[in-house]
Structures are given as structure tokens and as C-alpha cells.
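The lines below spell out each chain.
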Amino acid sequence: DAGVTQSPTHLIKTRGQQVTLRCSPKSGHDTVSWYQQALGQGPQFIFQYYEEEERQRGNFPDRFSGHQFPNYSSELNVNALLLGDSALYLCASRQGVVGYGYTFGSGTRLTVV
Amino acid sequence: AQRVTQPEKLLSVFKGAPVELKCNYSYSGSPELFWYVQYSRQRLQLLLRHISRESIKGFTADLNKGETSFHLKKPFAQEEDSAMYYCALGDFGNEKLTFGTGTRLTIIP
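Definitions and cut-offs
Position labels on residues start from 1 in each chain and follow its written sequence. All chains are assigned letters beginning with A, and all ligands numbers beginning with 1, in the order in which they are written. At least 70 in pLDDT is required for a residue's local features to be given in this predicted model, at least 80 for side-chain atom pairs to be given and counted, and no such filter applies to totals for whole chains, interfaces and linings, which use all residues. Remark: hydrogens and water are excluded; side-chain values derive from all non-hydrogen atoms of the structure. By the convention used here, residues are in contact when the closest approach between their heavy atoms is within 4.5 Å. Basic side-chain nitrogens of Lys or Arg form a salt bridge, by our definition, when they fall within 4 Å of a carboxyl oxygen of Asp or Glu. In protein, a polar contact requires one atom able to donate a hydrogen and another able to accept it; more generally it is a pair of N or O atoms within 3.5 Å, and residues adjacent in sequence count only if both atoms are side-chain atoms. The helix count covers DSSP runs of H or I at least four residues long, the strand count covers runs of E at least two residues long, and both are numbered beginning at the N terminus. Ten residues, namely Ala, Val, Leu, Ile, Met, Phe, Trp, Tyr, Cys and Pro, are considered nonpolar, four, namely Asp, Glu, Lys and Arg, are considered charged, and the remaining ones, Gly among them, are considered polar. By definition, two strands form a pair when at least two bridges between them are found by DSSP. Exposure classes here rest on a 1.4 Å probe applied to the protein chains alone. A residue is buried below 20% of its type maximum, exposed above 50%, and partly exposed in between. Only buried residues count toward a nonpolar core, which is a set of Ala, Val, Leu, Ile, Met, Phe, Trp, Tyr and Cys residues joined through side-chain atoms within 4.5 Å.

Caption draft 1: Spotlight on the interface of chain B and chain A. In this complex, chain B contributes 19 residues to the contact, which on the side of chain A involves 23 residues. At the boundary of chain B with chain A, the tally comes to 0 salt bridges. For the interface between chain B and chain A, the tally reads 5 residue pairs in polar contact (both at pLDDT 80 or more). Those elements that provide at least two residues to the side of chain B that touches chain A are β5 (32-38), β6 (45-49) and β10 (97-99) of chain B. The dominant element in the side of chain B that touches chain A, judged by the number of residues it contributes, is β5(B), at 3 residues. Within the side of chain B that touches chain A, the residues separate by chemical class into 8 nonpolar, 4 polar and 7 charged.

Here's what the structure looks like:
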């Protein structure tokens, strides 16, 4: 089992562009959460998806959107990129809505220039 | 609002010495607390959670609701304990984890 898989691993975008990050959850997991980790900070919750719906959202602007597919994989989209969006984006998955045991991916390093 | 504070960004401890990584939290409900660890070039992984009351790799953490703390402890540090440690607070249903800024633990041989 490869665990949580994220792609791409690194990405460089220009300010104002749009980006899509992808996540495949661990086998058997159906809930996916996304986190942003800025340099020197802990991960910050963006949103969570379950049954293809956004269940909870953190303090992020509408430029950040997501999607979950029937196979439980997920995408994170960021529009109108700002320099401040440069960060490591982590995907975490688990089975079910309530419970523990989040499994994290290795992340996508996004650099906005 | 949920908040997790890890006062030490860096902590160096000699091998064989006791380790304590501090974590304080702020939450109005009944908290669920976790410690996550990230070893060099590895992904973030769950170390332990307070509800399990377990010891993982010699580490323990006790939830003190009076002091709103969840400090991570180990009686004898080992070199392989060198890593980044994050304390995290789960809201009701643990849909959202709030992380502290992390403590980088270095074990000195």
C-alpha cells in the first residue's frame, strides 16, 4: 500500500496563475483533508471532503477550492495565486468522518514567483 | 477558537537524558489531543493520541485539563528520536486538526 499519494511533488507557478494539486487517499480511506504548511509553521487546515462534499472549511479565501471524486481521490485548486500561497500542501486521509488516524502524504511544494 | 502553543522551536537533549516537549492548548469543548512526528525526509505521522493512553517508542503524554497541557515525555532520549514534533488539537469529530508550530528535537550523542 503506497499510503497517501500526492502529485506533483514540486511546482513553480507565476503570480496570478491557477494551480491544481492532486491526492489519492490510502486504500480503504474515504475522507480527505487538505492542509497548508508555510515555512516554519505547523500545518493549517484548509478543508475536508467526504462523500464528494466539503464538510468543513478553515480560514481560507474562496480562491481555494476542492473536489472529491467517486473513487475518493481529491483535488485542491487555487486561483489567482499570490506570493503568500507558496507553501507545502499536505493531503491527509482516513476512514470515515469521525475518528482518528489521519495518514498524511508527502506533500506538494508550491512556489509562486 | 482553537489554539495550540508549542513554546520551544528548538530543543537539544543529550542521549540518555529525559525529554519533555511542551504543548498547551485553548479549546472551549472537550479536546482530543495528538502528537505527530516528522523524521528527516519522511512524512508526518501520528505518534500518539491522548485517548489511547498508550506509550509509543517510549513516549507518553498526559492530558492535563486544569493546565490545558499535553506535554510529551520520554525518560531516556535516543538518537533516533531526533525529529520535528507537532502537537495537534482535534475538534468535535476530529474533522479539523489545529497544529502547533512544532518543536525540532535534536538528540546529542
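Caption draft 2: Looking closely at the sheet that holds strand β3 (residues 19-21) of chain B. Residue and element names in this part refer to chain B. With respect to topology, 3 strands assemble into an open sheet ordered β3-β8-β7, the strand pairing being antiparallel. The open sheet has two edge strands, β3 and β7 (60-61), and neither has a second partner. Pairing of β7 with strand β8 (residues 72-74) involves 2 bridges; the strand directions are antiparallel. Residue Ala61 lies in a different strand from β8, and its bridge partner there is Leu72.

Caption draft 3: Just unusual backbone geometry, in detail. All names here are of chain A. Ser7 connects to Pro8 through a cis peptide bond whose omega is -10 degrees. For Pro8, the position within the fold is in the loop between β1 (5-7) and β2 (10-13). Positive phi values are uncommon outside glycine, yet Glu51 reaches one of about 50 degrees. Position of Glu51 among the secondary structure elements: in the loop between β5 (44-50) and β6 (53-57). For Glu51, a relative accessible area of 57% translates into the label exposed. We note that Tyr72 has phi near 80 degrees; this positive angle belongs to a residue other than glycine. Summarising the element assignment, Tyr72 is placed in the loop between β7 (64-68) and β8 (74-78). Exposure remark for Tyr72: the relative accessible area of 40% places this residue in the partly exposed category.

Caption draft 4: Local environment of the nonpolar core. Judged by nonpolar contacts, the single largest core of 24 residues is most densely connected at B:Trp35, B:Leu72 and B:Tyr85. Contributing elements (two or more residues each) for this core: β2 (10-14), β3, β5, β6, β9 (83-90) and β11 (103-108) of chain B. Among the elements that take part in this core, β9(B) stands out by supplying 4 residues, more than any other. The residues contacting B:Leu72, other than those within four sequence positions of it, are B:Val19, B:Glu20, B:Leu21, B:Trp35, B:Leu47, B:Leu48, B:Phe59, B:Thr60, B:Ala61 and B:Tyr85. Among the nonpolar cores identified, the runner-up in size contains 19 residues, and A:Cys23, A:Phe60, A:Phe64 and A:Val112 belong to it.

Caption draft 5: Structural context of the pairing of β8(A). Residue and element names in this part refer to chain A. Of all 5 residues that make up β8, 5 are buried, and the element is covered over most of its length. In β8, alternate side chains face the same way, and those of Ser74, Leu76 and Val78 on one face and Glu75 and Asn77 on the other are all buried. One ladder, built from 5 bridges, connects strand β3 (residues 19-24) with β8; its direction is antiparallel. Within β8, the position partnered with Arg22 by the bridge is Glu75. Pairing geometry for β7 and β8, over 5 bridges, is antiparallel. Bridge assignment links Gly66 to a residue of β8, and that residue is Leu76.

Interpretation note: all reported values are geometric properties and have no functional meaning in isolation.
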